[in-house]
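Chain and residue survey
Listed here are the chains, written in short residue letters.
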Amino acid sequence: MSEVSLPAPPEPLAAPVFDSHCHLDIMVGDRPASSGDPVALAAQAASASVRGILDEARAVGVTRLVTIGYDLPSSRWGAEVAAEHDDVHAGVAVHPNEAHAATPETLAEIEALAGRPEVRAVGETGLDYFRDWASRDDQHASFRAHIEIARRTGKALVIHDRDAHDDVLKVLAEQGAPPVVVFHSFSGDADMAKKCADAGYFMSFSGPVTYKNAGYLREAARVAPVELMLVETDAPYLPPVPHRGKPNAPYLIPLTLRCLAEVRGVRPEELCEAINANGVTVFGEW
Ligand SMILES: [Zn+2]
């Protein structure tokens, strides 16, 4: 499938930044694309390698990334790749859409992986009320178990929150949030951003903040404290404008970063610097 057309690289950033959330294993085709997602399939057809993805990203100033797990095989894969690459950290978890698979044995291995030095996050976990692939009871039980793993291992908790803002906040408050919490691909409005800010939760903004109909996300990005902001691709999903419908990759971070900088009225390099500092707070030193 050599006719897959990939987005052209954006203008390089003037200062380095990192991608807080992507799925390298799906991009390189080591794992199936979720539900045959056409964008992910196109990414795989482009037959990238991990080294190629890292080099393309570095060429535009995206010098590091976090590859995020969603089940046991992807979590094991991410930990291995992070161990082999200085510019890659990993997150490990069972995704809320797979919560029925979060058996005690699986959670025990997730916790063992989370203890490895190159694994810096427990995620993505959380609640997804958009899809009903796993029951809400299973999702809540898995989410609470992952919160406990993050607390015991001291790693950042990376949250997938889809149409479940109130319950995610409630479970975090009831269970006791770990010291570092990240809302991945932040999808709330300004009011939700204020709630997260009050609780000290990080907000990681992704491609949708650039979408024409997503004014509420730009409002959220305007009111979020800069010391709680991150940027991510969620690649191969959620490509920023003008590449909707095409495979996303870490080298497209500059498009989302520039949108965030414009919304906040700051220079992109200022925002990159702040986000890199936040990255050390959240994921530790590289
Ligand atoms: Zn993700």
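A brief look at the structure comes next. (Residues numbered from 1 in each chain as written. Predicted model: local features only at pLDDT ≥ 70, side-chain atom pairs only at ≥ 80, totals over all residues. Heavy atoms only, no water.)

Moving on to the pairing of strand 4 (residues 119-128). Burial runs high along strand 4: 10 of the 10 residues are buried. Pairing analysis gives 3 bridges linking strand 3 (residues 88-92) to strand 4, with the strands arranged parallel. By the bridge assignment, Ala90 is partnered in strand 4 with Val119. Inspection of the sheet shows strand 4 paired to strand 5 (residues 156-162) by 6 bridges, in the parallel sense. By the bridge assignment for strand 5, Asp128 is matched with Arg162. In this region the chain leaves strand 4, passes through helix 6 (residues 136-153) and returns to the parallel neighbour strand 5; the handedness of that crossover is right-handed. (Buried < 20%, exposed > 50% of the residue type's maximum accessible area, 1.4 Å probe, protein only. Helix = DSSP H or I, 4+ residues; strand = E, 2+ residues; numbered from the N terminus. Pairing = 2+ DSSP bridges. Right-handed = clockwise from strand over helix to strand, strands pointing away.)

Before going further, it helps to spend a moment on the packing of helix 10 (residues 253-264) against helix 11 (residues 268-283). Relative to each other, helix 10 and helix 11 sit at 105°, their axes nearing to 9 Å. When the axis of helix 10 is compared with that of helix 11, the two are roughly perpendicular. The segment helix 10 lies against helix 11, with Leu257, Arg258, Leu260, Ala261 and Arg264 engaging Pro268, Leu271, Cys272 and Ile275. When the residues that make up the contact of helix 10 with helix 11 are grouped by side-chain class, the tally is 7 nonpolar, no polar and 2 charged. (Axes fitted to C-alpha atoms, helices over the stretch in contact; angles between N-to-C directions. Parallel < 35°, antiparallel > 145°, perpendicular 65-115°, else oblique. Contact = heavy atoms within 4.5 Å. Nonpolar A, V, L, I, M, F, W, Y, C, P; charged D, E, K, R; others polar.)

What follows deals with the pattern of salt bridges. Applying the stated criterion to the full structure yields 13 salt bridges. The shortest N-O distance in the salt bridge between Asp87 and Arg58 comes to 3.3 Å. Of this pair, Asp87 sits in the loop between helix 4 (72-84) and strand 3 while Arg58 sits in helix 3 (residues 50-58), and the two are 29 residues apart along the sequence. On the basis of relative accessibility, which here comes to 8%, the residue Asp87 falls in the buried class. For Arg58, a relative accessible area of 41% translates into the label partly exposed. Of the charged contacts, one joins Arg151 and Glu148 as a salt bridge, the two residues approaching to 3.7 Å between their closest N and O atoms. Remark: Glu148 and Arg151 occur in helix 6; sequence separation between them is 3 residues, near one turn of the helix. The class for Arg151 is partly exposed, based on a relative accessible area of 40%. Ionic contacts of the salt-bridge type, sharing partners, join the residues Arg51, Asp55, Arg58 and Asp87 into one network. (Salt bridge = Lys/Arg side-chain N within 4 Å of Asp/Glu carboxyl O.)

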